[in-house]
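Below are the chains, spelled out letter by letter.
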Amino acid sequence: MASSPCGNSNFDSGLEIKTRSVEQTLIPLVSQITTLINHKDKPKKSERTLAAIHRVGQAVSVAVGRFVAVGEAIAGENQELKDEMGQACFEARRAGDAIAQLTDVGSVMPTQSDGCVTVFSERTGMVKAARLLLSSVTKVLVLADRIVIKQIITSRNKVLVTLDHLERVSTFQEFVQIFSQFGNEMVEFAHLTGDRQNDLKDEKKKARMAAARAVLEKCTMMLLTASKTCLRHPDCESARINKDAVFHRMRCALEQVIEIVTEARSCGENKILPASIYNGIKDFKSSVECLRENLYSSSPQSVGSQLEALVERTEDFTDSAYTSHEQRQAILSVCQLARQDTQQLMNAWIEAQSVHAKEATEDMEVAILKTCQSVGELRRELHKVAVGRASDLLKVHGEQLPLRALKAGGAEGNIEAVAEYSRKLTEQKEQLVETCRLLCHVSGSEPLEITCVHAEETFHVIGPQIMSAAQTLALHPSSKIAKENLEVFCEAWESQLCDMALLLREINDVFEGRRGDKRPYLSLPRPGKHLANLKTAKAVKLDAEEQTSMAKLGLELRLLSSDVDTEVEKWEDQEHDIVRQSQSLASMAYNMHLFTRGEGLLKTTLDLFHQAEVLSEEGLQLCSALRTFSTQLVDEEKSAVMTEMEKVVALCQQLQMGAKTPVQGKTATFQKVDSSIQTARGILAVVVSVLPFCNKLNKKYKSERSSLGSPHDWRERQDASTPVKEEGALNSMNSNGFGVKSMEQHMAGLNLLESK
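The present account deals with the structure reproduced in this document. (Residues numbered from 1 in each chain as written. Predicted model: local features only at pLDDT ≥ 70, side-chain atom pairs only at ≥ 80, totals over all residues. Heavy atoms only, no water.)

**What to know about the packing of aromatic side chains**
In this structure the tally under the stated criterion is three aromatic pairs. With a centroid separation of 5.7 Å and an interplanar angle of 45 degrees, the aromatic rings of phenylalanine 179 and phenylalanine 182 are classed as tilted. Remark: phenylalanine 182 and phenylalanine 179 occur in helix α5 (residues 172-199); sequence separation between them is three residues, near one turn of the helix. Here the aromatic rings of phenylalanine 459 and tryptophan 493 are separated by 5.2 Å at their centres, their planes lie at 70 degrees, and the arrangement is edge-to-face. On the criterion of sequence distance, the pair formed by phenylalanine 459 in helix α16 (residues 446-475) and tryptophan 493 in helix α17 (residues 480-511) is long-range, its members being 34 residues apart. Directly above the aromatic system of phenylalanine 609 lies the positively charged group of lysine 672, at a separation of 4.1 Å from the ring centroid. (Phe/Tyr/Trp six-rings, centres within 6.5 Å; stacked < 30°, edge-to-face > 60°. Helix = DSSP H or I, 4+ residues; strand = E, 2+ residues; numbered from the N terminus. Lys NZ or Arg CZ within 6 Å of the ring centre and 35° of its normal.)

Written as structure tokens, this is what we have:
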């Protein structure tokens, strides 16, 4: 047997791929190698097949050569990885050469009269070469990934050094100079960590990274105003407390980012998420259902203890002062029912074991079903309580009465009023913190649990910071900077309320079986299409200040796209043209929202303008579907739908013309971005209004056709139809008034970095 040109080599099978970029880079290589190995199973091949194998082998070898050249260049620039990277590149090149040799047509000769060729190279040689190649290439990629981690750590270290300088400054002039440097360093850190967050495969790490970056985003502006207030009023104790809290929170967030990227096991990583009732129910049901397979996998006592531990966690709901008597009784009743069903299961289980049954008896099967049903009912009851309370709180706190009173009391120098409304804000804070804890119990996924914990911590921290800022203003009512500082902290509170509204919607999506995340809409520019008008344009990225000013529009766009998804879910016919076109619009709008945060598939302004052009085309397709739908309506109904359709047509044409119009210069480009996002927002607002109206009409006429038993023309029943008032029907569309309303005063973005 021929020996493998690779010889005997050890490869690192323990390499763990933690990022999507490494995974996606390996997929084509794995596909090609799989093709080569599979062809080695058949010793006889035609000359045409051999030529194809030869081309694949040579292509792999050439690609590996180019890949190794890049790896060697990286090794030359990073001395600490030079030896490891050099060895991995050497092994990759050797494996690539081996594959080229094993697939060389010249090394085999025709031996059959039927024109086929016998390949003498054994399959083992190809397998060894393939394993070495995949191992070495993966190692090169993982080593290169270490360099990305090193860049993030280096960037963090620069931010920390500048943060220390900022904390010690004593003059405004020095502060302005250092804060300008700090802003630039935070921009770099935000881009590096944003790319890393998008690249992570682990959803829990992704959620933790998002939480840490959200803290840095909000704290950057707080740091600016809190520091300026402290410089203006150096002897004010409340101003110092306010500033110290911001610096401490920023350092904690920076440390958390490094823990995530380096997988350090510090106190932050060891902080275990609170045991959620959702996970407890999932584990309990799993234990119960396993009894169908194995009666002796666990004991009746252990299952009983598992249920009692689950019931004990519901005390977070029943012991709350904010839980109504009716809600408390409902939860306790369901818990009691679960206990009874579990006891019946345990009795049937013990009886089955006593007769040495090999599988679940009929009595056990019934008891298993009833037990799972009762704990499912417990989950529904707890979800209803948690989500209902959160919705009520958001409606009440959307008015921001304590915040307005604190601002007014501080501006008047009324220390007593500030103290009174600080107590009221403390009560609100405690309600919100407890509600976040309840939402964590019913969130339905670990990433959402992490987001709930982040929301709880944010309310817990920002509440006292608002109070200290208000105390400072009350002591110095004529201070403009103290007033600005209080405004910034109040905006952070409002921003967190908006985030909580979005979190609530995602928890509902998971509970109702919808995915909490959006489907990506892959519509980046492709050669030969949509590029005729963009060839001379220059692709640019938004800087931090531009992303900040875009954030409000972007968040409104996200809320509207979520509203569209909610309305679409209510349609019985999910294949209806109106439904499909609306879903596409919502997905594209969500991509535009991600662009305003410096995330997602749209990396440059050219990508955004192309997306806007595609969105306008999709909008016109929706208009076509609406026009077809309206032909079946009576006059008043048709008029209402056509009116909304004409609005969409006008907005789509405006968006299309704007996307195709060439611009030059940073200011003009930014204005074009702003205009594109505003117009897209307008399109979605109309779509959100028209979807429930059309759904209502669709159900109405579907029901009438069913009762009549034949597909009569809807127009023939005009006299029998009840006219629908356009204004009332179309104004009842937006279920998230709180979110959009609070966006009017909310400024949030990925890189909230102003160098003043």
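That shown, we press on.
**With respect to the packing of α16 against α17**
Interaxial distance between α16 and α17 falls to 9 Å at its minimum, and their mutual angle equals 160 degrees. Taken together, the axes of α16 and α17 lie roughly antiparallel to each other. At the point where α16 passes α17, the crossing takes the left-handed sense. A breakdown of the residues in the contact of α16 with α17 according to their chemical character gives 20 nonpolar, eight polar and two charged. (Axes fitted to C-alpha atoms, helices over the stretch in contact; angles between N-to-C directions. Parallel < 35°, antiparallel > 145°, perpendicular 65-115°, else oblique. Left-handed = near helix turned anticlockwise from the far one by under 90°. Nonpolar A, V, L, I, M, F, W, Y, C, P; charged D, E, K, R; others polar.)

**Some details on unusual backbone geometry**
Most peptide bonds take the trans configuration, and most residues that are not glycine carry a negative phi. For histidine 356, which is not glycine, the phi torsion reads 55 degrees and is therefore positive. Summarising the element assignment, histidine 356 is placed in the loop between α12 (325-354) and α13 (362-397).

**Some thoughts on the environment of glutamate 185**
Mapping glutamate 185 onto the fold places it in helix α5. Judged by its relative accessible area of 9%, glutamate 185 falls in the buried class. For the pair glutamate 185 and asparagine 157, spaced 28 residues apart in the sequence, the C-alpha separation amounts to 9.9 Å. In this structure, glutamate 185 is in contact with Ser155, Lys158, Val159 and Thr162, ignoring residues within four places of it in sequence. Side-chain polar atoms of glutamate 185 contact the side chain of glutamine 181, separated by 3.0 Å. (Buried < 20%, exposed > 50% of the residue type's maximum accessible area, 1.4 Å probe, protein only. Contact = heavy atoms within 4.5 Å. Polar contact = N/O pair within 3.5 Å; in protein donor to acceptor, adjacent residues only side chain to side chain.)

**Considerations on the nonpolar core**
Among the nonpolar cores identified, the biggest contains 104 residues, and Phe182, Leu223, Phe317, Met364, Leu439, Ile466 and Trp493 are the most heavily contacted of them. Apart from the residues within four sequence positions on either side, isoleucine 466 is in contact with Leu403, Leu406, Leu425, Leu486, Phe489, Cys490 and Trp493. Residues Leu553, Val564, Met592 and Leu633 belong to the second largest nonpolar core, which totals 52 residues. (Core = buried A, V, L, I, M, F, W, Y, C linked by side-chain atoms within 4.5 Å.)

**Quick look at helix α20 (residues 605-630)**
Taking 1.5 Å of rise per residue, the 26 residues of α20 would be expected to cover 38 Å, and the 37 Å separating its terminal C-alpha atoms lies within 8% of that figure. The buried count for α20 comes to 20 of 26 residues, which makes it a mostly enclosed element. (Expected span 1.5 Å × (residues − 1).)

**Things to note about the packing of α5 against helix α6 (residues 203-232)**
It is at 11 Å that the axes of α5 and α6 come closest, and there the two elements cross at 175 degrees. With respect to α6, the axis of α5 lies roughly antiparallel. Contact with α5, carried on its side by Phe172, Phe175, Phe179, Phe182, Met186, Phe189, Ala190, Thr193, Gly194, Arg196, Gln197 and Asn198, involves Lys206, Met209, Ala210, Arg213, Leu216, Thr220, Leu223, Leu224, Ser227, Lys228, Leu231 and Arg232 of α6 and no other residues of that element. Along the lines of polarity and charge, the residues of the contact of α5 with α6 split into 13 nonpolar, six polar and five charged.

**As for the pattern of salt bridges**
As enumerated under the stated definition, the model contains 29 salt bridges in all. Residue arginine 240 is joined to glutamate 237 by a salt bridge in which the shortest nitrogen-to-oxygen separation is 2.4 Å. Taken together, the residues span about one helical turn, with arginine 240 and glutamate 237 both in helix α7 (residues 237-262) at a distance of three residues. In this structure arginine 240 comes out as partly exposed when scored by relative accessible area, which is 36%. Relative accessible area serves as the criterion here: at 44%, glutamate 237 is assigned to the partly exposed category. In this structure, the salt-bridge partner of arginine 380 is glutamate 377, at a minimum N-O distance of 3.0 Å. Of the two residues, arginine 380 and glutamate 377 are both situated in helix α13; the distance of three residues between them amounts to about one turn of the helix. A relative accessible area of 41% places arginine 380 in the partly exposed class. In this structure glutamate 377 comes out as partly exposed when scored by relative accessible area, which is 30%. Salt bridges here are not isolated pairs; linked through shared partners, they connect Asp164, Glu167 and Arg251. (Salt bridge = Lys/Arg side-chain N within 4 Å of Asp/Glu carboxyl O.)

**Digging into helix α10 (residues 300-313)**
For α10, which comprises 14 residues, the first-to-last C-alpha distance of 21 Å matches the rise-based estimate of 20 Å (1.5 Å per residue) to within 8%. If you check which residues of α10 are buried, you get Pro300, Val303, Gly304, Leu307, Leu310 and Val311. Each buried residue of α10 lies within a common arc of 120 degrees when the element is viewed along its axis, so the set occupies one face. Facing away from the buried side of α10 by more than 90 degrees, the exposed set consists of Gln301 and Glu312. (Arc of directions from axis to C-beta.)

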